[in-house]
Amino acid sequence: MRKIKHGKLAAGCADSCCLKLEGLSVQLQGDSILEDVSFHLHCGEIVALIGPNGAGKSTLFRSILGQLSYKGSITFSPARGPAIRLDDNPASGLRPLVGYVPQAPHFDRGDPVSVLDFFTAATAKWPVWLPVPKKYRDRAAACLARVHGEELLDRPMGGLSGGQLQRVLLALALEPVPHILILDEPLSGVDIEGEHQLLEMLDELRTQYDLSIFLSTHDFATLGQFADKVILLNRRVLKSGPPEEVLSSPEFYETFHLRMGRGGV
Amino acid sequence: MEFWYALVELLPFEWAQPGQMYFMKHALLAVLVVTPLFGILSTMVVHSRMSFFSDALGHSAFTGMAIGALCGFHEPTWAAVVFAMLFALLFNLVKRRSALASDTVIGVFSSTAVALGIFLSTLNGRSFTRFNALLVGDILSVEPAKVGVLAMILALIVLLWAVSFNQLMLSAVHPALADSRGVQVFWQETVFSVAIAVVVTLSMTWVGLLVINSLLVLPAAAARNAARNMRQYHLLSLLGAVLAGIAGLMTSYYVGGSAGAAITLYLAVWFALTFFLRKK
């Protein structure tokens, strides 16, 4: 197994950047989706979020992205400088940049959106119905190069494979390079080869840019190969720790096996 | 207008001769203003799957006319514009607050608007037939002043497109992703739907309520058959709309028949053409 760069080297959270969630609770239309969720994410660390459907994984991501109101606090401590509460709305320069790779959006095969269109629309003010200047084209190509996807630039979004689509979304989330990278089920709809490529790439990115990577997945088999820490969520944090510890815990068995049992095995 | 007349008189048509057939010259100008408008809006209507919504807006525009007429306004169109804008705003609010699928919310709004329109226009036992002209539309009734208003709106829409097309496209692709990149998804969608409301209402008397939605759907639907990126998509949509507009007006002049319907039929042919030439 590879070495963990930052997370475990730092004794506490004192000398590394760190995202801290303390007592996070979210209610949507009267239903409690998340209750008292607390954990820390360190930079250079890959943390995997697992849990059954409806456990609140996407809700947790959306809270960090600031798209939902919540109780509790989310603070970001940069390596230097004071900690920032994300709901304080500080001057935008201080806020941590959160890169977000959503669950693969749906494109029809016939959608007239090329990768260049999509990229330029998300990163530039230049309207994409006009010819795209070379400056933006070059930048999109450079960003795609980060995920080894230069050749995808003029392909239609609807024609990409699951793995290629994830790479384009990842390239977008890395422009500008964020402090925290969130990926919502990046491995679903991706074949084994694509999955391998994607995980390699994440490992490369975290060492290169020293960012915290936080992703949700249902693929438990590969967890041990890439995750530094696993968080088992089902409305609240049931268990968190190194992959082997969480995957062998009674909480893990209870959460998944009992559900499968009821399904008629 | 003088400049326009001089320009049209260069055309080799019988109606283009100096000093006559002004209604036809006005209509041609109107077509050249309205069709690019629909060609542009169409791209986003189709891309963000709003064709059912724009259809509902057409219905609400009619209801607005009925309300305007009931209030005794000389020019009920403006009442209709206000009503359609309110309709679009309210729809976006309800859609955001409700857990229902958007086509269900549209269905609710559309049927309410139509029922209200029919009820109000037939109040006191009056006949519905005086609204028949709205259903079919008459492009030859165009007044130059109104073409001026629509030309201004065309300029505004081009400006809107330059400023916020990117955000609009991103919102349609993935609202949460758009939000994470700083796009105000709700306001983008609301401004766009209000823009459709204004355009549909103002051009309804020319194009006709029954076919107006086809102008918002067909140009981009045809363009989608062949386009691979946003440049081609816009170009084909615009081209299809303008060419069909001119051809439709000419056809209507020479053989009679509603211009709005003729334009739609040409667009359908354009769709069929691109369908057979579609990218594989």
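Residues numbered from 1 in each chain as written. Chains lettered and ligands numbered in written order. Predicted model: local features only at pLDDT ≥ 70, side-chain atom pairs only at ≥ 80, totals over all residues.

A. Representation of the pairing of strand β8 (residues 212-216) of chain A within the structure. Residue and element names in this part refer to chain A. Buried residues dominate β8, accounting for five of its five residues. Residue alternation in β8 divides its side chains into two sets, S212, F214 and S216 and I213 and L215, and both sets are buried. Pairing geometry for strand β3 (residues 46-50) and β8, over four bridges, is parallel. In the sheet register, V47 faces β8, and the bridge partner there is F214. Here four bridges tie strand β7 (residues 180-183) to β8, and the two strands are oriented parallel to one another. When the sheet's bridge partners are listed, I182 is paired in β8 with F214. (Buried ≥ 20, exposed ≤ 12 C-beta atoms within 10 Å, placed from the backbone. Helix = DSSP H or I, 4+ residues; strand = E, 2+ residues; numbered from the N terminus. Pairing = 2+ DSSP bridges.)

B. Structural detail: the sheet that holds β8(A). All names here are of chain A. With mixed pairing, six strands are arranged side by side in an open sheet as β6-β7-β8-β3-β9-β10. Lying at the two open borders of the sheet, with one neighbouring strand each, are β6 (98-101) and β10 (236-241). With direction set aside, neighbouring strand axes in the sheet form an average angle of 20 degrees. The sheet strands contacting helix α4 (residues 162-173) are β6 and β7, and the helix crosses β6 at an angle near 165 degrees. (Axes fitted to C-alpha atoms, helices over the stretch in contact; angles between N-to-C directions. Contact = placed C-beta atoms within 7 Å.)

C. Quick peek at the sheet that holds strand β4 (residues 71-77) of chain A. Residues and elements named next belong to chain A. Here four strands make up an open sheet; going across it, the order is β2-β1-β4-β5 and the pairing antiparallel. The sheet is open, and its two edges are formed by β2 (31-42) and β5 (84-85), each paired on a single side. Here eight bridges tie strand β1 (residues 18-28) to β2, and the two strands are oriented antiparallel to one another. Opposite L19, over in β2, you have L41 as the bridge partner. The sheet strands contacting helix α1 (residues 57-64) are β1, β2 and β4, and the helix crosses β2 at an angle near 65 degrees.

D. Fine view of unusual backbone geometry. Residue and element names in this part refer to chain A. Put simply, E175 and P176 share a cis peptide bond, and its omega is -5 degrees. For P176, the position within the fold is in the loop between α4 and β7. With a phi close to 50 degrees, E185 is a non-glycine residue in the positive phi region. On the basis of neighbour counts, which here come to 20 C-beta atoms within 10 Å, the residue E185 falls in the buried class.

E. Examining the confidence of the model for chain A more closely. When pLDDT is averaged along chain A, the result is 85; 87% of the residues meet or exceed 70. When the criterion is pLDDT under 50, residues 260-265 of chain A qualifies, and its contacts beyond four places in sequence or with other chains add up to one contact. (pLDDT = per-residue confidence, 0-100.)

F. Region of the structure containing helix α2 (residues 22-47) of chain B. Residue and element names in this part refer to chain B. Its 26 residues give α2 an end-to-end C-alpha distance of 38 Å, which sits within 8% of 38 Å, the value for a rise of 1.5 Å per residue. A bend of about 30 degrees at L41 is the largest found in α2. Among the 26 residues that make up α2, 23 are buried, leaving the element largely enclosed by the rest of the structure. A positive backbone phi angle near 50 degrees is found at R49, which sits one or two residues after α2. (Expected span 1.5 Å × (residues − 1). Bend = angle between axes of the 7 residues up to and from the residue.)

G. Quick peek at the pairing of β3(A). Residue and element names in this part refer to chain A. Within β3, five of the five residues are buried, leaving the element largely enclosed by the surrounding structure. Alternating positions in β3 separate into two faces, I46, A48 and I50 on one and V47 and L49 on the other, with burial throughout. Sheet analysis places β3 next to strand β9 (residues 229-234), joined by four bridges and oriented parallel. Its bridge partner being in β9, I50 is matched across the sheet by L232.

H. Region of interest: helix α3 (residues 51-70) of chain B. Between its first and last C-alpha atoms α3(B) spans 29 Å; for 20 residues at 1.5 Å apiece the expected length is 28 Å, and the two agree. In terms of burial, α3(B) is largely enclosed, as 14 of its 20 residues are buried.

I. Broad picture of the interface of chain A and chain B. Residue-level contacts link 19 residues of chain A with 22 residues of chain B. Counting only elements with at least two residues in the side of chain A that touches chain B, the list comes to β6 and α2 (115-123) of chain A. Of all the elements, α2(A) adds the most residues to the side of chain A that touches chain B, at three residues. Of the residues in the side of chain A that touches chain B, the class split is 14 nonpolar, three polar and two charged. (Nonpolar A, V, L, I, M, F, W, Y, C, P; charged D, E, K, R; others polar.)

J. The arrangement of the nonpolar core in detail. Within the largest apolar cluster, 160 residues are counted, with the highest numbers of intra-cluster contacts made by I182(A), A30(B), L41(B), L57(B) and A84(B). Per element, the largest residue contribution to this core is 15 residues, and it comes from α2(B). In contact with A30(B), other than residues within four places in its own chain, are I139(B), V142(B), V147(B) and W206(B). (Core = buried A, V, L, I, M, F, W, Y, C linked by C-beta atoms within 7 Å.)

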